Amino acid sequence: MAKTAIITGGSRGIGEAMALKLGELGYNVVINYRSESSKVLSDNLAAKIKDQYGVDTLVVRADVSKYDDCENLVKATVDKFGDKIDVLVNNAGITNNCNFIDITKEQYEAVINTNLMSFLHMTHLVLPYMVNHSDKDNQCCIVNTSSVGGLTGVINQADYCASKSGIIGFTRAIALEFAGKGIRCNAIAPGMIMTDMLRGVNQDELNALAATIPQGFIGDVSDIAGALGYILTAPYVTGQVISPNGGFVLQ
Ligand code: NDP
């Protein structure tokens, strides 16, 4: 029977690469996005996954920082693919770049609600569709996108770092709570990866950023999709944080 995976923030960047990896691994893929401007991107990605890997896809617009929207996303998934969800990739994320005096309450709440609360909402809503069929031989997986910002401090990113280290604690606790039920939960903590999050940065700044990375270059979305592929095919790995980061956190 075909397996189903949901990815939040799957329209572009890291999420797009991970959605393709899910298709490559044979999952029917539910691609979530938030902005009207990403509808075409998401539809095109869904068509590409179908075409390339012969699996089915569903595109759902939902603001996952809101519980009601998460409910609609899960309901749309169950309506189309049935009450068995095998993989949840919590990936949607935003960032501010602001010191913690000038930042507004609205700005840091948006980061916490998008980057952390959405992971709790989606996990809470999807787990009932995992525990009903998972066991040691039929595992389900939750994979959470954290960040090196969750492993170290980053200037002007206090809200982001709070959300990303919160994800790590959440990942470990869920891994422990559901380990005996065949549900694994892991986090990926990317270092600097070339996506829209970095596209506003000019070449000089990019060079300066690359110089802060021991391996000397900014990572690619395929590095993170590769980590997802490893986690999904590693049945004894749970509660772990895999961090493709070019050595950034070793310094
Ligand atoms: P992008 O800005 O390229 O993509 C962000 C994705 O999240 C988009 O699909 C966007 O949808 C979606 N999204 C944002 N807010 C919401 C929301 N409220 N509801 C639903 N979807 C939402 O970012 P990246 O690909 O770079 O980042 C993906 C993840 O990786 C994030 O969690 C980020 O924090 C993390 N990360 C990224 C790093 C990097 O260097 N790029 C480093 C470390 C971690 P839409 O297209 O509709 O706006």
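Above this text sits the structure in question.
Quick notes on the rules
Residues numbered from 1 in each chain as written. Predicted model: local features only at pLDDT ≥ 70, side-chain atom pairs only at ≥ 80, totals over all residues. Heavy atoms only, no water. Near = heavy atom within 4 Å. Polar contact = N/O pair within 3.5 Å; in protein donor to acceptor, adjacent residues only side chain to side chain. 1 Å grid on protein atoms, 1.4 Å probe; cavity = no way out; pocket = protein on both sides within 12 Å on 5 of 7 lines; lining within 4 Å. Sits in = over half its atoms within 2 Å of the grid points. Helix = DSSP H or I, 4+ residues; strand = E, 2+ residues; numbered from the N terminus. Nonpolar A, V, L, I, M, F, W, Y, C, P; charged D, E, K, R; others polar. Points joined across faces, edges and corners; volume = space filled by probe spheres on them. Buried < 20%, exposed > 50% of the residue type's maximum accessible area, 1.4 Å probe, protein only. Contact = heavy atoms within 4.5 Å.

### Things to note about the site of the ligand
Part 1 of the reasoning: Surveying the vicinity of the ligand reveals 32 residues, the closest of which are Ser11, Ser35, Ser38, Tyr160 and Thr195.
Part 2 of the reasoning: Here an oxygen atom of the ligand and a backbone polar atom of Asn91 are 2.8 Å apart.
Part 3 of the reasoning: Taken atom by atom, the bulk of the ligand overlaps the largest pocket.
Part 4 of the reasoning: Secondary structure elements with two or more residues in the shell around the ligand: helix H1 (13–24), strand S2 (27–33), helix H6 (158–178) and helix H7 (196–199).
Part 5 of the reasoning: Looking at the shell around the ligand, its residues break down into eleven nonpolar, 16 polar and five charged.

### Quick look at the layout of surface pockets
Part 1 of the reasoning: Put simply, the largest pocket is a space of about 1300 Å³.
Part 2 of the reasoning: Lining the largest pocket we find 50 residues, and of these Ile94, Thr95, Tyr160, Thr195 and Met197 sit closest to its centre.
Part 3 of the reasoning: Elements with a contribution of two residues or more to the lining of the largest pocket: H1, S2, H6, H7 and helix H8 (203–211).
Part 4 of the reasoning: In terms of residue class, the lining of the largest pocket is built from 19 nonpolar, 25 polar and six charged.

### Quick notes on the side chain of Asn144
Part 1 of the reasoning: Structurally, the position occupied by Asn144 is in strand S5 (residues 140–145).
Part 2 of the reasoning: The exposure class of Asn144 is buried, given its relative accessible area of 0%.
Part 3 of the reasoning: A polar contact of 2.9 Å, which involves the side chain of Asn144, links it to the side chain of Asn90.
Part 4 of the reasoning: Side chain to side chain, Asn144 and Thr171 meet in a polar contact 3.0 Å long.
Part 5 of the reasoning: Apart from residues lying up to four places away in sequence, Asn144 is in contact with Asn90, Phe119, Ile167, Phe170, Thr171, Cys185, Asn186, Ala187 and Ile188.

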